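Below, each chain spelled out in residue letters.
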Amino acid sequence: EETKAPDQVEKKEEQKIEEGKEEEKVIEIQLKDLPKIEVSLSDLEDITDLLKSGASKLKPGELIASEKFKLSHTMNGFELMHPKMDVRLNLKDAMTPTRAINEGAIKSPEQLSSKELLGLMDQIIVRFTLWEMGGTLAQNLLTCLYLAEPDIYQKNPILDAFFSSINYFTFEFQEIIKTKVSCIRENDFAISHIQDQFVFDTADEIMEKYAKAEVFVQENKNPEEKEMIEAILSRLRYFKNFLKLFLSINETPGPAKRTKQIEAHLAAINKQWKGIDKSLKLGEQNDKWFSESMIQTFPININSRQQEPITIEEAFKFQKKMIE
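Some thoughts on the overall build of the chain
Thought 1: Looking only at helices and strands, the chain features 13 helices and zero strands.
Thought 2: Going residue by residue from the N terminus, the α and β elements of the chain occur as α-α-α-α-α-α-α-α-α-α-α-α-α.
Thought 3: Counting across all 324 residues of the chain, residues that qualify as buried make up 38%.
Thought 4: Taking the contacts inside the chain whose residues are at least 6 apart along the sequence as the reference set, 78% of them involve residues at least 24 apart.
Thought 5: Working note: accessible area of the chain is about 20,700 Å², and carbon and sulfur atoms make up 52% of it.

Structure, rendered in structure tokens:
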């Protein structure tokens, strides 16, 4: 009250505060009309001893809270300035896609060589598989610097198609887990709290991107990199047909037509295994494409857990088993 002008105090006394919206409006007016106040640390009173004294009087199971407090709120609570609990403690040190490119830690997507492009796709498949196996989304796919900024990966038609389908599957799978499986820990899978950072294309748009990507590969291929180009195409065609399979299962009307289309898509997927199996060692890896510090830039903290790493061979073995 001491910070308000006299006319503002009178306004509060004259205003009849009722429950609900009326009360919210009054608070809004007061906040809007408050004069700007600059506060230095010397103006603040240290109440640490007071808090400790109050806490010492509490019995086990007791707490001091406002009337509107709910225990469910504590689920999102964390300890500020704690190196393990406060995910944003060292936010200034977090690596971001733009920063990594500007500092030369990673290349811009359009500058990646064929070996690097193949290696990046394989590492994304590894992390996508770890998520499918029950790992957290934040610790796997969301640590990829390229995936975090669509404006960056869209510069490369191959990555644009590939990442767009990964985003599509991630969103669709988490919806199935959340709505049909009733998973009690769907936040481990969900991306709803960060989906504004990602671009979600429709299935038709993704198919168009795959068509453009294959044309781009054919027009820019180096005759000396025939094996590498085939390896990249095998992965693009795998996910393109995986998307077709997913759509057939979920959208195609009529059991006869659905079965026929599913069989066709399965056959198209199985054609890619030979090219994939013989090229698992061709890609070039770069650990700097991924950064755990990316988690610090997300709007909220996300569950983390220990997970065993897997190889690209193990990732595709899982993919085969899933398709079967």
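Some remarks on the packing of helix 5 (residues 114-132) against helix 10 (residues 226-251)
Thought 1: Where helix 5 contacts helix 10, the axes come no closer than 9 Å and their chain directions differ by 30 degrees. In terms of crossing hand, the pair formed by helix 5 and helix 10 is left-handed. Contact with helix 5, carried on its side by S114, K115, L117, L118, M121, D122, I125 and F128, involves M228, I229, A231, I232, R235, L236 and F239 of helix 10 and no other residues of that element.
Thought 2: When grouped by side-chain class, the residues that make up the contact of helix 5 with helix 10 number 11 nonpolar, one polar and three charged.

Looking at the side chain of S248
Thought 1: The residue S248 is located in helix 10 in this model.
Thought 2: Residue class for S248 comes out buried when judged on its relative accessible area of 2%.
Thought 3: Among residues more than four places away in sequence, those in contact with S248 are R258, Q261, I262 and H265.

Describing a positive patch on the surface
Thought 1: Among the surface-exposed residues, K221, K226, K274 and K278 lie close enough to one another that they form a single positively charged patch.
Thought 2: By secondary structure assignment, the location of K274 is in helix 12 (residues 273-277).

Observations concerning the nonpolar core
Thought 1: The biggest cluster of nonpolar side chains holds 65 residues, and the ones touching the most others in it are L120, F163, L236 and F239.
Thought 2: Ranked by residue count, the leading element in this core is helix 10, at 13 residues.
Thought 3: Beyond its immediate chain neighbours, meaning those up to four positions away, F163 contacts L120, I124, C144, Y146, L147 and Y153.

Remarks on helix 5
Thought 1: Taking 1.5 Å as the rise per residue, helix 5 with 19 residues should run 27 Å; its terminal C-alpha atoms sit 27 Å apart, in good agreement.
Thought 2: Buried residues dominate helix 5, accounting for 18 of its 19 residues.
Thought 3: Looking one or two places after helix 5, you find G134, whose phi comes out positive at around 115 degrees.

Some details on the packing of aromatic side chains
Thought 1: All chains considered together, the criterion is met by 22 aromatic pairs.
Thought 2: Ring centres 5.5 Å apart and planes at 35 degrees place the aromatic pair F169 and F173 in the tilted group. Separated by four residues within a single helix, F169 and F173 lie in helix 8 (residues 157-179), roughly one turn from each other.
Thought 3: F173 sits in the buried class, given a relative accessible area of 15%.
Thought 4: Summarising the aromatic geometry, the rings of Y238 and F239 are spaced 5.1 Å apart at their centres and angled 85 degrees between planes, so their arrangement reads as edge-to-face. In this structure, Y238 and F239 share a single accessibility class: buried.
Thought 5: A cation over an aromatic ring shows up here: R127 above the ring of F290, its NZ or CZ 3.6 Å from the ring centre.

Description of the pattern of salt bridges
Thought 1: Using the criterion set out here, one finds nine salt bridges in the structure.
Thought 2: Its salt-bridge partner being E103, residue R99 comes within 2.9 Å of it at the nearest N-O pair.
Thought 3: A salt bridge links K320 to D277, with the nearest nitrogen and oxygen atoms 2.9 Å apart. Here the residue K320 occupies a position in helix 13 (residues 312-323), and D277 occupies one in helix 12, the gap between them amounting to 43 residues.
Thought 4: Connected via shared salt-bridge partners are D160, D201 and K209.

Here's the deal with the packing of helix 8 against helix 9 (residues 203-220)
Thought 1: For the pair helix 8 and helix 9, the least separation of the axes is 8 Å and the interaxial angle reads 150 degrees. Classified by the angle between their axes, helix 8 and helix 9 sit roughly antiparallel to one another. Here helix 8 and helix 9 pass one another in a crossing that is left-handed. In this structure, helix 8 contributes P157, I158, D160, A161, F162, S164, S165 and Y168 to the contact, and helix 9 contributes A203, I206, K209, Y210, A213, F216 and V217.
Thought 2: Classifying every residue of the contact of helix 8 with helix 9 gives 11 nonpolar, two polar and two charged.

Some points on a negative patch on the surface
Thought 1: The grouping of D204, E205, E208 and E251 at the surface amounts to a negative patch.
Thought 2: At three residues, the largest contribution of residues to the negative patch is made by helix 9.
Thought 3: Take E208: it is sitting in helix 9.

Conventions and cut-offs
Residues numbered from 1 in each chain as written. Predicted model: local features only at pLDDT ≥ 70, side-chain atom pairs only at ≥ 80, totals over all residues. Heavy atoms only, no water. Helix = DSSP H or I, 4+ residues; strand = E, 2+ residues; numbered from the N terminus. Buried < 20%, exposed > 50% of the residue type's maximum accessible area, 1.4 Å probe, protein only. Contact = heavy atoms within 4.5 Å. Areas by Shrake-Rupley, 256 points an atom, 1.4 Å probe, with all protein chains shown as cover. Axes fitted to C-alpha atoms, helices over the stretch in contact; angles between N-to-C directions. Left-handed = near helix turned anticlockwise from the far one by under 90°. Nonpolar A, V, L, I, M, F, W, Y, C, P; charged D, E, K, R; others polar. Patch = residues over 30% accessible without salt bridge, like charges linked within 9 Å, V, L, I, M, F, W, Y side chains within 5 Å. Salt bridge = Lys/Arg side-chain N within 4 Å of Asp/Glu carboxyl O. Lys, Arg positive; Asp, Glu negative; His and termini not counted. Charge placed at Lys NZ, Arg CZ, Asp CG, Glu CD. Core = buried A, V, L, I, M, F, W, Y, C linked by side-chain atoms within 4.5 Å. Expected span 1.5 Å × (residues − 1). Phe/Tyr/Trp six-rings, centres within 6.5 Å; stacked < 30°, edge-to-face > 60°. Lys NZ or Arg CZ within 6 Å of the ring centre and 35° of its normal. Parallel < 35°, antiparallel > 145°, perpendicular 65-115°, else oblique.

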